Every structure is written in structure tokens, then in C-alpha cells.
Amino acid sequence: MDVVSTADVSPGDRFAFWREVSAKLWVPYELARDRPTEAGFEARVGIAEFGPVQATVMTTMAHSVRRTPRLIRQADPEVFKVSCMVRGSGTLTQGGRRAEFGAGDLVLYDTSRPYLAQLRPDDSTSRMLLLRFPRALLPFPPRELRELSAVRIPGTRGVGALSSRFLLQLADQMDGLTPTETARLATLTLDVLITALADALDTQKVVPTDTRRRALTARVHAFIGDHLGDPELTPNVIAAAHHISLRHLHKVFQHEGHTVAGWVREQRLERCRRDLAEPRLAGRTINAIAARWGFTSAAHFSQAFRARYGQSPTEFRQQLRTVHGD
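So, here is what we can say about the structure in this document.

Reading guide: rules and limits
Residues numbered from 1 in each chain as written. Predicted model: local features only at pLDDT ≥ 70, side-chain atom pairs only at ≥ 80, totals over all residues. Heavy atoms only, no water. Pairing = 2+ DSSP bridges. Helix = DSSP H or I, 4+ residues; strand = E, 2+ residues; numbered from the N terminus. Axes fitted to C-alpha atoms, helices over the stretch in contact; angles between N-to-C directions. Contact = heavy atoms within 4.5 Å. Buried < 20%, exposed > 50% of the residue type's maximum accessible area, 1.4 Å probe, protein only.

**A closer look at the pairing of strand S11 (residues 126-134)**
The pairing of strand S4 (residues 53-60) with S11 spans 7 bridges and is classified as antiparallel. Each bridged residue has a counterpart across the sheet, and for Gln-54 the counterpart in S11 is Arg-132. Pairing geometry for strand S6 (residues 79-87) and S11, over 8 bridges, is antiparallel. From the neighbouring strand, Cys-84 faces S11, where its bridge partner is Leu-129.

Spelled out as C-alpha cells, the structure:
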């Protein structure tokens with residue numbers, strides 16, 4: 001992931017620098033701050049490409065961006081943006097609507113039409129995931145998409161919440177993704193966006209079956225990742241959280257070549273393996289690590305770990321200590 005920051009720019013030039021960065025990354029804007037001076041402004045953005053989707057994680061002090069008719073005439077790449085707030089809050093005004101959004105909420109921006117986006121000045125810093133992609137990738141009529149810009153898609157319920165969970169995990173993990181993982185997530189990210197927007201438009205029928213299936217799989221995986229430490233994480237709980245039948249859930253995993261319980265166990269074992277290999281957790285007991293990731297029986301965990309990695313958790317940890325010279 002490439003990173004651009006104001007940290008290496010002199011304080012008096014930082015806001016002007018950020019204006020240039022914004023124009024190159026997204027589209028040209030008029031930027032403004034509530035404070036009369038531009039000195040001391042701080043912002044940072046990490047950039048990754050997921051196929052046709054540009055993903056950026058931005059951490060910034062409060063400011064506003066205005067997309068004006070003049071700027072649209074000068075440059076209109078015909079792209080949409082979707083934001084998912086990680087921390088902070090703000091507003092988006094477009095097409096006669098005004099959306100207030102907070103952590104976890106999704107909002108669609110149409111960069112071919114004027115809008116004003118503002119981050120709340122009472123938040124010291126805000127953090128958000130911004131996804132930029134060609135409007136041609138969305139399988140919806142332009143008139144319907146006009147009705148969705150500047151509409152808050154809540155990150156607290158329904159498909160919006162499930163999609164938000166996937167996107168928040170993406171924002172959290174983006175700087176550690178391998179090229180292989182990035183390539184795999186390229187399709188999934190767009191699928192999740194399309195299904196979230198389709199649900200908000202109540203037009204799921206226009207979304208291809210494969211897109212809906214892949215998006216559901218991504219959301220289920222994200223949900224499981226968030227709840228691995230819960231020993232009560234069962235297929236019934238997972239199915240209920242996604243408003244699907246248990247049979248449907250099993251079919252989703254069969255298509256991926258897994259069982260539900262097997263996938264959960266694999267993810268838990270991998271988290272345990274990472275913790276056991278982490279020097280900063282050397283003082284934590286093996287049983288505590290197992291319990292952290294949802295294993296209620298030490299004997300069962302040891303047996304499952306040996307079956308998966310060919311050695312017991314104790315042997316694995318001792319081997320690493322030998323390698324590192326401890």
C-alpha cells in the first residue's frame with residue numbers, strides 16, 4: 001500500500017499540498033477549513049488498487065470538500081465514490097438531500113454532480129475508507145443511482161451492517177495485504193458494494209446470482225472473523241445474523257469447498273498460530289490464547305492444532321524460541 005502524508009511538508013504548505021493530493025487521488029475539489037489558518041493541518045492516506053476499484057484509507061483533520069459545476073466541466077472521470085466511516089462523523093449534501101453519517105455508515109457520492117462533504121470540526125481526526133470506481137461497473141439505471149447519492153446506508157442493521165463489517169475489516173487490514181490477497185479481494189469488494197447498493201435501492205433482482213453469492217460469502221467471512229472469540233459461534237448463529245436458512249449457509253460453504261464448522265475451526269487455529277508466534281505474547285499461556293479464539297477445551301485445541309500443523313502448540317512455540325535464539 002502506498003502512503004501519502006502531510007508530515008514531511010512544512011506546516012504552512014500542508015493544506016495546499018493536501019488539495020493537490022485530493023485532486024490526483026479522487027477528483028478536483030474546493031477544500032476549506034473552519035480555522036482561519038492552514039498551519040498545523042495533518043492528513044494521511046494509504047492507497048491500494050483492487051482491480052478497477054481504488055481503495056484509500058484516509059486519516060485527516062476536519063475539512064470540507066466541494067465539487068462544483070466548474071470543476072466538473074473541467075474534469076469529469078464519471079466515477080462514483082463510496083465512503084465507509086471508521087472513526088468520526090460528517091455530512092454529505094447532493095441532489096437536494098443531506099446525509100449525516102457516522103462510524104460504519106456507507107454513503108454514495110456521484111462525482112459528476114455537485115456536492116458538499118464535510119467532516120465534523122469537533123472530531124479531532126476522522127478516519128474513513130473511500131472506494132472510487134467507474135460508474136459503468138454498477139448494474140443500475142442512472143435514475144435510480146441519482147436517488148441513492150447522499151443517502152445514508154446504516155452500518156447498524158441489515159445488509160448495510162454486513163457490508164460495513166467487511167469494509168471495516170478491509171480498512172483495518174489493507175496495509176498488510178499480499179498481492180495475491182489484493183487480487184482476490186478485487187472482485188469481492190465490488191460485489192459487496194453492488195449488493196449493498198442494490199439492497200438500498202430494493203433492486204436485488206438486477207444483481208447477477210454469482211455477484212450475490214460472492215458478496216454473501218465475503219460478508220459471512222467478515223462476520224466470522226469478528227466473532228471468532230465467541231465459543232457460541234455456531235452455524236445457526238451465523239445463518240440468523242445474515243437472514244438466511246441454515247441450508248443456504250451450508251450451500252455457500254460447499255461452493256467454496258468447505259464446511260461451516262471447518263472454516264470456523266481453520267480461522268481459529270490460524271489466529272492461535274499467529275498469537276503463539278508473536279514474541280510480544282510470549283508470556284501468555286497456550287490455554288489463554290486458545291480461549292481467546294473460542295476454544296473451550298485445551299485438549300481439543302491441542303488435538304486440532306496437531307492435526308492441522310503436525311506438532312502440538314507447545315512444540316510449535318518451543319521451535320520458534322529455538323529459531324529466535326531464546
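Now that the structure has been shown, the text picks up again.
**Quick word on the sheet that holds S11**
Strand order in this open sheet of 6 strands is S1-S3-S4-S11-S6-S9, and the pairing throughout is antiparallel. Whereas interior strands pair on both sides, the edge strands pair on one side only; in this sheet they are strand S1 (2-5) and strand S9 (106-110). For this sheet the average axis-to-axis angle between neighbouring strands, irrespective of direction, equals 20°. Relative to strand S3 (residues 43-50), S1 runs antiparallel, the two sharing 4 bridges. Along S3, the bridge assignment pairs Val-4 with Val-45. Contacts from helix H1 (residues 14-25) reach S1, S3, S4 and S11 within the one sheet, and its direction differs from that of S3 by about 15°. In this fold helix H5 (residues 179-201) packs onto S3, S4, S6, S9 and S11, with an angle of close to 100° to the strand it touches most, S3.

**Points about the pairing of S6**
Of all 9 residues in S6, 7 are buried; the element is thus mostly enclosed. When S6 meets S9, the two strands line up antiparallel, connected through 5 bridges. Among the inter-strand pairings, Cys-84 is bridged to a residue of S9, identified as Leu-106.

Shape is all these values report; function is a separate question.
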